[in-house]
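# Geometric and topological summary
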Amino acid sequence: MTLTFHWFLPTSGDSRNITGGGHGAAVIHRDRRASIRYLRQIATAAEDLGFEGALTPTGLWCEDAWLSTATLLDTTERLKFLVAFRPGLIVPTLAAQMAATFQNQSGGRLLLNVVTGGEPIEQKVFGDFLSKDERYQRTDEFLAIVRKLWEHGDPFDFDGKYLRVEQARLVSVPDPTPAIYFGGSSAAAGPVAAARSDVYLTWGEPPAAVAEKIGWIRKLAAEAGRAVRFGIRLHVISRDTSEDAWREARRLLDALPPETIAKVQAGLHRSESEGQKRMLALHGGSTDGLEISPNLWAGVGLARGGAGTALVGSHDEVAERIKEYADLGIEEFILSGYPHLEEAYWFGEGVLPRLAQTDLWHHPDTSTTIPPHTAIPFAT
């Protein structure tokens, strides 16, 4: 199995410290604004280092994902953009048309991250007053319509509980069809992910918990007559030595005043997201015992909503942990770090060459060769 790696575009701003944001958490420590110039640096670095794509978040706390990524197309040649968006905030036919335009104008560089939305306060700001379970049901209808539009068949009608279209069609369909990434840990999320997604995403939990999720979705997908791939969303702190990596983790933690942690945690505890609740349970709001599994650190979740864990260790250790997740069935890794430009190089130049040596990863640009002096096998 060959693994795929994606990086992250911090469209809310970036910093040498944890920036926070999302799922009820306010953005903090934003020392680098999300200028196009800075995002271009990150995008070109990710492309050069061998990342397949870059995830861009969605929400009030960041810039719009569609517009931000579209401005970066001319800056890059190969890098794909994993655009996060919320089905409830846009009608399905327009979303299908936007995706087709992006895909065809970019030469096939669009991936879609469907975010149903777990924060009722923010959803209401956008005029969305459905309950959490209702939002998942609407997402199911939304994706059914979008996928049908992408087939370029005859005009069709759809009359669901939440969405209705008549004689729906597109003049131009996306080529190739964008892969749909979907996450969700609740009972309502599972069937939608199994029926509609191409890649099921989980946030970084200990291997046993990830294995349980994979088994859950595989069973649901099989019952739906489908098969899905699996990905994981993690932060990363990878250094030449384990001591250096953990020193950096400690520095990030020391930069968080107790009152900041308390304020962020209070906001996150109002979240309806089952995935967010699972993240909170990993650290319990405490700065003690944050290594919840070998090299898996829950400290990011003290100041940030959403993905709250990081792989921390030497390049060899991080590569080993990635291999463990791969053995469970994880094929795609969506990573980030602080700051995103520098951390992309730490991982891209430190970990990816080790994975290349074991044939777990290959640079997407076949003309690129991995320097021999960095191609170090796993420690034994």
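Values in this document were obtained by computation on a predicted structure and should not be read as measured data.

## Thoughts on empty space enclosed by the protein
Counted by the stated rule, this structure contains five cavities of 30 Å³ or more. Approximately 720 Å³ is the volume attributed to the largest cavity. If you go around the largest cavity, you meet 38 residues; those closest to its centre are H23, N113, V115, W203 and G306. If you list the elements that add at least two residues to the lining of the largest cavity, you get β6 (110–114), α4 (120–125), α5 (132–149), β10 (199–203) and α10 (274–283).

## Examining the pattern of salt bridges
With the rule as written, the count across this model stands at 21 salt bridges. Overlapping salt bridges, with partners in common, bring together R16, R32 and E342 in one network.

## A look at helix α7 (residues 207–223)
The first and last C-alpha atoms of α7 sit 24 Å apart over 17 residues, in line with the 24 Å expected at 1.5 Å per residue. The complete set of buried residues in α7 reads A209, V210, K213, I214, I217 and A221. Looking straight down α7, one finds its buried side chains confined to an arc of 140°; they lie on one side. Turned more than 90 degrees away from the buried face of α7 sit A208, E212, K219, A222 and E223, all of them exposed. Of the surrounding secondary structure, the elements contacted by the buried residues of α7 are α6 (189–196), β10, β11 (229–239), α10 and α11 (315–328). G225 occupies a position one or two residues after α7 and carries a positive phi of about 75°.

## What to know about the packing of α7 against α11
The contact between α7 and α11 brings their axes to 10 Å, and the two run at 25°. With respect to each other, α7 and α11 are oriented roughly parallel. The interaxial crossing formed by α7 with α11 has right-handed handedness. From α7, P207, V210, A211, I214 and R218 reach across to α11, where they touch E324, Y325 and L328. When the residues that make up the contact of α7 with α11 are grouped by side-chain class, the tally is six nonpolar, no polar and two charged.

## Side note on helix α1 (residues 36–49)
Spacing of three or four residues puts side chains on the same side of an α-helix, whose turn is 3.6 residues. When the terminal C-alpha atoms of α1 are compared, their 20 Å separation across 14 residues agrees well with the 20 Å that a helix rising 1.5 Å per residue should span. Turning to α1, its buried residues are Y38, L39, I42, A43, A45, A46, E47 and L49. Where α1 is buried, its residues meet β1 (4–8), α12 (340–350) and α13 (352–357). Of the residues trailing α1, G50 is marked for its positive phi of about 110°.

## Quick notes on the pairing of strand β9 (residues 180–183)
Examined bridge by bridge, β6 and β9 share three bridges and lie parallel to one another. When the sheet's bridge partners are listed, L112 is paired in β9 with I180. Inspection of the sheet shows β9 paired to β10 by three bridges, in the parallel sense. Looking across to β10, one finds that Y181 is bridged to V199. Taken together, β9, α6 and β10 constitute a β-α-β crossover, and its handedness is right-handed.

## Concerning the packing of aromatic side chains
Using the criterion set out here, one finds 10 aromatic pairs in the structure. Here the aromatic rings of F5 and F333 are separated by 5.2 Å at their centres, their planes lie at 20°, and the arrangement is stacked. Pair noted here: F5 is in strand β1 and F333 is in strand β15 (residues 332–336), with a separation of 328 residues, a long-range link. Overall, F5 belongs to the buried group, its relative accessible area being 1%. Given the relative accessible area of 0%, F333 is considered buried. Plain terms: the ring middles of F85 and F142 are 6.0 Å apart, the flat faces sit at 50° to each other, and that makes the pair tilted. Of this pair, F85 sits in strand β5 (residues 80–85) while F142 sits in helix α5, and the two are 57 residues apart along the sequence.

## Let's talk about a nonpolar patch on the surface
A cluster of nonpolar side chains, contributed by L60, L89, V125 and F126, occupies part of the molecular surface with about 350 Å² of accessible area. Examined against the element boundaries, V125 turns out to sit in helix α4. Residue V125 is classed as exposed on the basis of its relative accessible area of 53%.

## Here we look at unusual backbone geometry
Look at the link from D175 to P176: it is a cis peptide, with omega at 0°. The residue after Y338, namely P339, is reached through a cis peptide bond having omega -10°. Position of P339 among the secondary structure elements: in the loop between β15 and α12. The backbone of Q167 shows a phi angle near 50°, a positive value even though the residue is not glycine. With respect to the secondary-structure elements, Q167 resides in strand β8 (residues 164–168). For D359, which is not a glycine, the phi torsion comes out positive at approximately 65°. Following the sequence through the fold, D359 ends up in the segment after α13.

## What to know about the packing of helix α3 (residues 92–106) against α5
Two elements in contact, α3 and α5, have axes whose closest approach is 9 Å; the angle formed by their N-to-C orientations is 45°. It follows from the interaxial angle that α3 and α5 lie oblique. For the element pair α3 and α5, the recorded crossing hand is right-handed. Contacts from P92, T93, A95 and A96 of α3 reach α5 at F142, I145, V146 and L149. Class assignment of the residues belonging to the contact of α3 with α5 gives a composition of seven nonpolar, one polar and no charged.

About the cut-offs
Residues numbered from 1 in each chain as written. Predicted model: local features only at pLDDT ≥ 70, side-chain atom pairs only at ≥ 80, totals over all residues. Heavy atoms only, no water. 1 Å grid on protein atoms, 1.4 Å probe; cavity = no way out; pocket = protein on both sides within 12 Å on 5 of 7 lines; lining within 4 Å. Points joined across faces, edges and corners; volume = space filled by probe spheres on them. Helix = DSSP H or I, 4+ residues; strand = E, 2+ residues; numbered from the N terminus. Salt bridge = Lys/Arg side-chain N within 4 Å of Asp/Glu carboxyl O. Expected span 1.5 Å × (residues − 1). Buried < 20%, exposed > 50% of the residue type's maximum accessible area, 1.4 Å probe, protein only. Arc of directions from axis to C-beta. Contact = heavy atoms within 4.5 Å. Axes fitted to C-alpha atoms, helices over the stretch in contact; angles between N-to-C directions. Parallel < 35°, antiparallel > 145°, perpendicular 65-115°, else oblique. Left-handed = near helix turned anticlockwise from the far one by under 90°. Nonpolar A, V, L, I, M, F, W, Y, C, P; charged D, E, K, R; others polar. Pairing = 2+ DSSP bridges. Right-handed = clockwise from strand over helix to strand, strands pointing away. Phe/Tyr/Trp six-rings, centres within 6.5 Å; stacked < 30°, edge-to-face > 60°. Patch = residues over 30% accessible without salt bridge, like charges linked within 9 Å, V, L, I, M, F, W, Y side chains within 5 Å. Areas by Shrake-Rupley, 256 points an atom, 1.4 Å probe, with all protein chains shown as cover.

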